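Report on the structure
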Amino acid sequence: MKLSVRTAAPIAALVVAGLTATACAPGSSDKSGGKDVKSGTLRVWLFQEVSNGPKKDVVDGVVAGFEKAHKGTEVDVQYIPVETRAEKIKAAFNDPASAPDLIEYGNTDTAGYVKDGGLADVTEEFADWDESKDTDPTARQSVTVDGKVYGVPYFVGVRALYYRTDVFEELGLDVPTTQGELVTAARAIRQARPELYGLAVGGAYTYGAMPFIWANGGEIAEGKGGSYASTIDSEAARKGIKAYTSLFGDDNCPAAKCAGMGGNDTVTAFASGKAGMAIGGDFSHAAVEAGKVKGKYAVVPLPGVKKGDIAPAFAGGNNLGVLKSTTHRTLAVDLMERLAAKKTQGELFDAMGFLPTFTDVRKDAARREPFVEPFVKTLGAGARFVPASPAWSQIDASLVLPTMFQEVVSGRKDVAAASKDAAKKMDDAFSSAG
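In what follows, the accompanying structure is described. Keep in mind the model is a prediction, meaning the values are calculated, not measured. (Residues numbered from 1 in each chain as written. Predicted model: local features only at pLDDT ≥ 70, side-chain atom pairs only at ≥ 80, totals over all residues. Heavy atoms only, no water.)

Quick look at the overall build of the protein chain
- Across its full length, the protein chain holds 20 helices and 13 strands.
- Along the three orthogonal principal directions, the C-alpha set of the protein chain runs to about 65 × 45 × 40 Å.
- Here the protein chain holds 434 residues, and 56% of them are scored as buried.
- Counting contacts in the protein chain only where the partners sit at least 6 residues apart, residues at least 24 apart contribute 79% of the total.
- When the accessible surface of the protein chain is split by element, carbon and sulfur atoms take 51% of a total near 17100 Å². (Helix = DSSP H or I, 4+ residues; strand = E, 2+ residues; numbered from the N terminus. Buried < 20%, exposed > 50% of the residue type's maximum accessible area, 1.4 Å probe, protein only. Contact = heavy atoms within 4.5 Å. Areas by Shrake-Rupley, 256 points an atom, 1.4 Å probe, with all protein chains shown as cover.)

Below, the structure is given as structure tokens:
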């Protein structure tokens, strides 16, 4: 599949749509003590993937080259759970002695981490990096706050609908083209094959739930007076919440098992042959290929409410950043650039399906691998982003939206009450962030 230059530009723009952070640069002091040691141990935290082996192989290759280029230097890479990243990384910001030198972080965390004073300003180094000129201009914005650069883009990601071709053929089901058809197909699979979830969903899967809210015309929040105000309790948003939470039950994905599941859990369920469908990312491809459903699945954009519509997906992605407290700044910046280099991003695409942040590398990847097509279509249809506020990290870490979904599916609250409470928590966070 070819990705034209005309297509590439809109995709790039969507990756960080709405991510023009308004937070001021942090006022906290540099905790490194001005040290820039050129040897010793460099500590790195990267995210643990569902199937982490292929990612580790690529990283190990980069690390080997780095250590060869820097005699007397060793790299200690730890893979941390995505779900608990907020607490762990925030603790690192406050404890330089045990903090890593370099981290992988979600692009939704940029504004919050900068406000916390945890990330180093690498504006000059980024400008001097030869490959930075080919970085998606808008992807570059995902590491930019108040005109300063606080890392490098690592990859972009978007989610679509994975489905079992063998199960659909066996049951005579058509691939869903509307949200209603999706729900019907999910229940049909569960009824005919009760050992399977129809569509694996998770009460802690925020980015799997958001397309249902957006597809029904809802929004998470809207700009207000230089900040944000939650709209998660609007009539349209509640319609989307109701659509998503209706999938938790014995007729699809039992609440007792699925309420606590996150995104990785739903992908694991699909890859292991326990679900007929799942909402997974381009970055989930390697895990699914390594599972029991290899050769028995396909991917299409997640359908919207109306026939032919694509549900808006969260335009995500990860970045790499050097911590402000590092005493190995020069080494950390060099390793960061090697890990995010064109060659490495190409290898990560081949190994994990991560979409590159360099336009030329992404065009080449899409040309070589047809599985990218539904994700490119999803991006092109109009992806969305979370509120570009430092408050989002707090909202995310406090599990405001997962708590709302779980309250509904458990029966503790109805949609109106749960969304009203979630809106209040979000507004409190927005207010405290300024």
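Here the narrative resumes.
Examining the nonpolar core
- Residues Leu199, Ile232, Met277, Trp392 and Met426 are the most contacted members of the largest nonpolar core, which totals 84 residues.
- Looking at this core, the element that brings in the most residues is helix α20 (residues 415-433), giving eight residues.
- In this structure Met426 touches Ile220, Ser230, Ile232, Trp392, Ile395, Val400 and Leu401, once residues within four positions along its chain are discounted. (Core = buried A, V, L, I, M, F, W, Y, C linked by side-chain atoms within 4.5 Å.)

Considerations on the pattern of salt bridges
- Summed over the entire model, instances satisfying the criterion amount to 27 salt bridges.
- Across the salt bridge formed by Arg85 and Asp396, the nearest N and O atoms sit 2.8 Å from each other. In this pair, Arg85 sits in helix α3 (residues 85-94) while Asp396 sits in helix α18 (residues 391-397), placing the two residues 311 residues apart along the sequence.
- Residue Arg85 is classed as buried on the basis of its relative accessible area, which comes to 10%. (Salt bridge = Lys/Arg side-chain N within 4 Å of Asp/Glu carboxyl O.)

Things to note about the state of the cysteines
- This structure, assessed with the given rule, holds one disulfide.
- Sulfur-sulfur distance for the disulfide between Cys253 and Cys258 comes to 2.0 Å. An S-S torsion of about -85° defines the bridge between Cys253 and Cys258 as left-handed.
- You can call Cys253 buried: its relative accessible area is 0%. (Disulfide = S-S within 2.5 Å.)

Examining the side chain of Gln345
- Tracing the backbone through its elements, the reader meets Gln345 in helix α15 (residues 342-352).
- Separated by 3.4 Å, the side chain of Gln345 and the backbone oxygen of Pro153 make a polar contact.
- Residues in contact with Gln345, not counting those within four places in the same chain, are Pro153, Tyr154, Ala340, Pro356, Thr357 and Phe358. (Polar contact = N/O pair within 3.5 Å; in protein donor to acceptor, adjacent residues only side chain to side chain.)

A look at the pairing of strand β10 (residues 227-230)
- Relative to β10, strand β9 (residues 221-224) runs antiparallel, the two sharing four bridges. Counterpart to Gly223 in the pairing with β10 is Tyr228.
- Between the antiparallel neighbours β9 and β10 lie two residues, among them Gly225 with a positive phi of about 55°. (Pairing = 2+ DSSP bridges.)

So, the packing of helix α9 (residues 206-215) against helix α19 (residues 400-410)
- Between α9 and α19, the least distance of the axes is 10 Å, while the angle of their chain directions is 70°. Considering their axes alone, α9 and α19 lie roughly perpendicular with respect to each other. Between α9 and α19, the residues in contact are Thr206, Ala209, Met210 and Ile213 and Leu401, Pro402 and Phe405, respectively.
- By residue class, the composition of the contact of α9 with α19 is six nonpolar, one polar and no charged. (Axes fitted to C-alpha atoms, helices over the stretch in contact; angles between N-to-C directions. Parallel < 35°, antiparallel > 145°, perpendicular 65-115°, else oblique. Nonpolar A, V, L, I, M, F, W, Y, C, P; charged D, E, K, R; others polar.)

Looking at the layout of surface pockets
- Approximately 910 Å³ is the volume found for the largest pocket.
- The wall of the largest pocket is formed by 40 residues, among which Val82, Glu83, Arg85, Arg159 and Tyr207 lie closest to the centre.
- The set of elements that each furnish at least two residues to the lining of the largest pocket consists of α3, β6 (152-157), α9, α12 (263-271), α13 (285-289), β13 (316-322), α18 and α19.
- When its residues are assigned to classes, the lining of the largest pocket shows 17 nonpolar, 17 polar and six charged.
- Estimated volume of the second largest pocket: approximately 170 Å³.
- Forming the walls of the second largest pocket are Val58, Gly61, Val62, Gly65, Phe66, Arg338, Ala341, Lys343, Thr344 and Glu347.
- Elements represented by at least two residues in the lining of the second largest pocket include exactly α2 (53-69) and α15.
- By residue number, the principal contributor to the lining of the second largest pocket is α2, which donates five residues. (1 Å grid on protein atoms, 1.4 Å probe; cavity = no way out; pocket = protein on both sides within 12 Å on 5 of 7 lines; lining within 4 Å. Points joined across faces, edges and corners; volume = space filled by probe spheres on them.)

Remarks on the pairing of strand β7 (residues 159-164)
- Judged by how many residues are buried, β7 sits mostly within the fold: six of six residues are covered.
- Alignment of β7 against strand β12 (residues 297-300), held across four bridges, turns out to be antiparallel. Residue Leu161 lies in a different strand from β12, and its bridge partner there is Val300.

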